[in-house]
Amino acid sequence: MTDPILSVRDLAKTITLHILGGRQVHPLRGVSFDLQPGEFLAVVGPSGAGKSSLLKALYRTYVADAGSAMFRTASGATVDLLRVPEREIIRLRREEMRYVSQFLKAPPRIPAVDVVASVLTGRGIAVAEARTRAAESLATLRIGTDLQTSYPALFSGGEQQRVNVARALVDPPRLLLLDEPTSALDTENRARVLDLLREAQGRGTAMIAILHDLEVLRVIADRVLVIEDGHITQYGPVSEIVFPDDLDAGTGELAVSGGHA
Amino acid sequence: MANVSTLLADRRAEFTGYSFAFLDDMAKREIRRSILKAIAIPGHQVPFGSREMPIARGWGTGGLQITLALVGPTDAIKVIDQGDDASVNAANLRRLIAKTTGATEVYATHEATLIQTRHRIPEERLGAGQILILQVPVPEPLRFVERSVAAARAMHAERDYAQMWLALYEDIVRRGEVSAGAGYPVMVNHRFIMAPSPIPRWDIPKLHHAQSLFLFGAGREKRIYAVPPFTDVRPLEFEDFPFDTEHFDGKSCIRCGATDSYLTESPREDGSKVAVCSDSSYCDDTLSGRKVVNRW
Amino acid sequence: MVEPLEPLLRVRNLTKVYTSGNRRVLACEDVSFDVYPGEVLGIVGESGSGKSTVLQCLYQDVAPTSGQAFLASYHNGEHSIFEADRRERRELRAHQISMVYQNPRMGLNLMVTAGGNVAGRLLAADWRRVSDIRDKASDYLQRTEVPLDRMDDFPAFFSGGMQQRVQIAKALANGPELVLLDELTTGLDVSVQAGVLDLVRDIQHTTGMTAIIVSHDLGVIRLLTDRVLVMKDGHVVESGLTDQILEDPQHPYTQLLVNCVTA
């Protein structure tokens, strides 16, 4: 095994709700794991267990209280995502890591193609080329040219999610954080998204994804991390995990169409 | 102090009941001091204590005070109003100066040592040693872009002329040209924007690197400023909208036939208009066959 | 490794106290922050929190009581811009810092055409070709979606939204290093607000402008900024990445602010 791209140790997060009299909640109580380049780590657990908090803490949307998250950058340096200056986080978000939320958070009144292209232009790619690549990426996810020029806010949930995935994968970063990337998709689109994720994986993108769909998980995940009440209760290859009951078993269709091109 | 001029002053005072050159010594001294300062800082407006004069404010009191502060009994004095030696105002001023100083009254430009003028620079080129004194109604070129006197002075001090350029730009985009006809603003010595008094554009180039001294007096506004000899004076112009003087294509002076002087229109009894030289001395010279060798 | 990029602006301990008679009113105190090239910093807080005072001090409409602000391009960042004399201050405004006021009438000369307003900054920067100035001005007016046939009209007769667009064009002409935007949508109709926000966002996207945006509107902050300072009673109570401030606010006041909006 190579060096991990991300090494998380004792990550803890406490939220103090001042407006509720200082009540404290503890979404993460010491989480540790390693992630290899190209590895797909699935995060499962009951709602409120701390899954989203984990992704947000790594992305720095949340301020962690303790622990470390050592990330190996493209230049070979190792930085602690929890403590690196905000400036560097902004650069890493632009160039090396991306977060795909469950629901599209696209700015309003921007056509879908530009939502996706902005990822590329933010990295200095010329607008025309960025648009072309964005359009290709959207077309792969079956967002047609008519939709590409409309505003994603007007799209259905599934269409929005595909725009979201296109934005994540148009230029795969070194680290991808995914919150339920396939939850709103029909079987066929789910299969396409999985193909794209695998393709990115093949190019070395490491992924941490919150998944509810056991079937998707079995197709794509290398390892699984089960979180309950802010603790890791299981961590290992898919075959060794005893999955909790509330996971969606899937429809079985994915397995049937799993071999599609 | 007991020199020729003092003696003459005494003699003149006997005649007129006034001190030499009308103004008292302290007044003249203060005006001369302001003139020296103005010469030292070309284009900069120097305040001075403008005195009450025997003519109304706005009729050339600024120019007159400069003239009276400089004139001596041996000077040859010429006064013109819009180029004309014979206008009532010019004649009155000239008579006052001569009467209180004993200076000689002249019409010919080349003979004059001091020329007081309203709104023209003579056609004949002024030489070293000649002084042109211009009467100025509005000395502040920024008056029309900045109403506050204090703010305008700060703008001069900091060479902050963007507002002035903006006014020229607005003129060009809205009228197709800079509308300022008389008194086109100039940049003096790369430092100060100056109001050249309401001379026509025709006269503006004459200010640049001249041999003579130009003094500007604004009596009502109490300001004196100067363009010393061989000073760089350039009209404000955009690179693609160059400054241009008036053109009199095909027209000639009805009196002397000149085609190379600044012409004004003169109405006739039947309502038609004819062109005539604005500079009466130049017109006389051309008419009498004297060739004016020194042109600008 | 990260290239050691220098901040474009470093503000240190900026304090402004207004005194009237023996009454002292604290507008802002000990405000310190950095702004890096290409970054949009938001300052959020309720009215009276001192956020606009910070901008006014930086644009030198208001003299700070104490503190420093170092602009990288001003004396190599070795002297505070608050030490600038009148001439240097004018140079700073002509070339380096520009301001978009909440009220367009503050930032526009209503006696001058829309094009002239934009041209003013270019003329101040010694542009002396009318055709170049006009090209540039129309370029910016076009970018801010002001119809070109209105370029030679007086903005006094424009709608509020259009005036704001002209003001933005004016602020951006001549490529300032830092743009200060004070509540730029507050006085506008909701429908017009969206257009102005989109405009600023597009310009930010295409030009990579560095800006400080003051707003009490978290929607504006979310849309336009990378980082945020939260101000209350003249003090910075919290700062962080914009999504962090909005999703994981630490300070009680920020939690209240965020919850008020999302409620």
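This write-up is about the structure you can find in this document. (Residues numbered from 1 in each chain as written. Chains lettered and ligands numbered in written order. Predicted model: local features only at pLDDT ≥ 70, side-chain atom pairs only at ≥ 80, totals over all residues. Heavy atoms only, no water.)

Moving on, we get to the overall build of chain C. Helix and strand counts for chain C come out as 10 helices and nine strands. Whereas a compact globule of 263 residues would reach a radius of gyration of roughly 18 Å, chain C reaches 18 Å, a difference of no more than 12%. The dimensions of chain C, computed from C-alpha atoms along their principal axes, are 55 × 55 × 45 Å. A total of 263 residues make up chain C; the buried ones form 56% of that total. In chain C, the proportion of contacts linking residues at least 24 apart, taken out of those at least 6 apart, comes to 66%. Here chain C has roughly 10900 Å² of accessible surface; of this, 48% comes from carbon and sulfur atoms. (Helix = DSSP H or I, 4+ residues; strand = E, 2+ residues; numbered from the N terminus. Rg over C-alpha atoms; globule rule 2.2 N^0.38 Å. Buried < 20%, exposed > 50% of the residue type's maximum accessible area, 1.4 Å probe, protein only. Contact = heavy atoms within 4.5 Å. Areas by Shrake-Rupley, 256 points an atom, 1.4 Å probe, with all protein chains shown as cover.)

So, about the sheet that holds strand β4 (residues 66-72) of chain A. Hydrogen bonds along the backbone pair up the strands of a sheet, which may run parallel or antiparallel. Residues and elements named next belong to chain A. Strand order in the open sheet formed by four strands is β2-β1-β4-β5, and the pairing between neighbours is antiparallel. Edge positions in the sheet fall to β2 (23-35) and β5 (78-80), since each has one partner strand and no second. The sheet shows a mean angle of 25 degrees between the axes of neighbouring strands, taken without regard to direction. Relative to β4, strand β1 (residues 6-17) runs antiparallel, the two sharing five bridges. Bridge pairing in β4 links Val8 to Ala69. (Pairing = 2+ DSSP bridges. Axes fitted to C-alpha atoms, helices over the stretch in contact; angles between N-to-C directions.)

Once that is clear, we can look at the environment of Leu194(A). Structurally, Leu194(A) is set in helix α7 (residues 187-202). Taking C-alpha positions, Leu194(A) is 17 Å from Val238(A), a pair spaced 44 residues apart along the chain.

As a further point, take the interface of chain C and chain A. Chain C puts 26 residues into the contact, and the matching count from chain A is 28 residues. Both sides together, the interface formed by chain C and chain A hides about 2200 Å², and carbon and sulfur atoms give 54% of it. For the chain C face of the interface with chain A, the top three residues by lost area are Leu241(C), Glu247(C) and Asp248(C), together amounting to 25%. Seen at the junction of chain C and chain A, the total is five salt bridges. Of the charged contacts, one joins Asp198(C) and Arg109(A) as a salt bridge, the two residues approaching to 2.7 Å between their closest N and O atoms. Run the count over chain C and chain A and you get 10 residue pairs in polar contact (both at pLDDT 80 or more). For the side of chain C that touches chain A, the secondary structure elements donating two or more residues are α7 (190-207), β9 (235-241), α9 (242-247) and α10 (252-262) of chain C. (Buried area = accessible area lost by both parts, 1.4 Å probe. Salt bridge = Lys/Arg side-chain N within 4 Å of Asp/Glu carboxyl O. Polar contact = N/O pair within 3.5 Å; in protein donor to acceptor, adjacent residues only side chain to side chain.)

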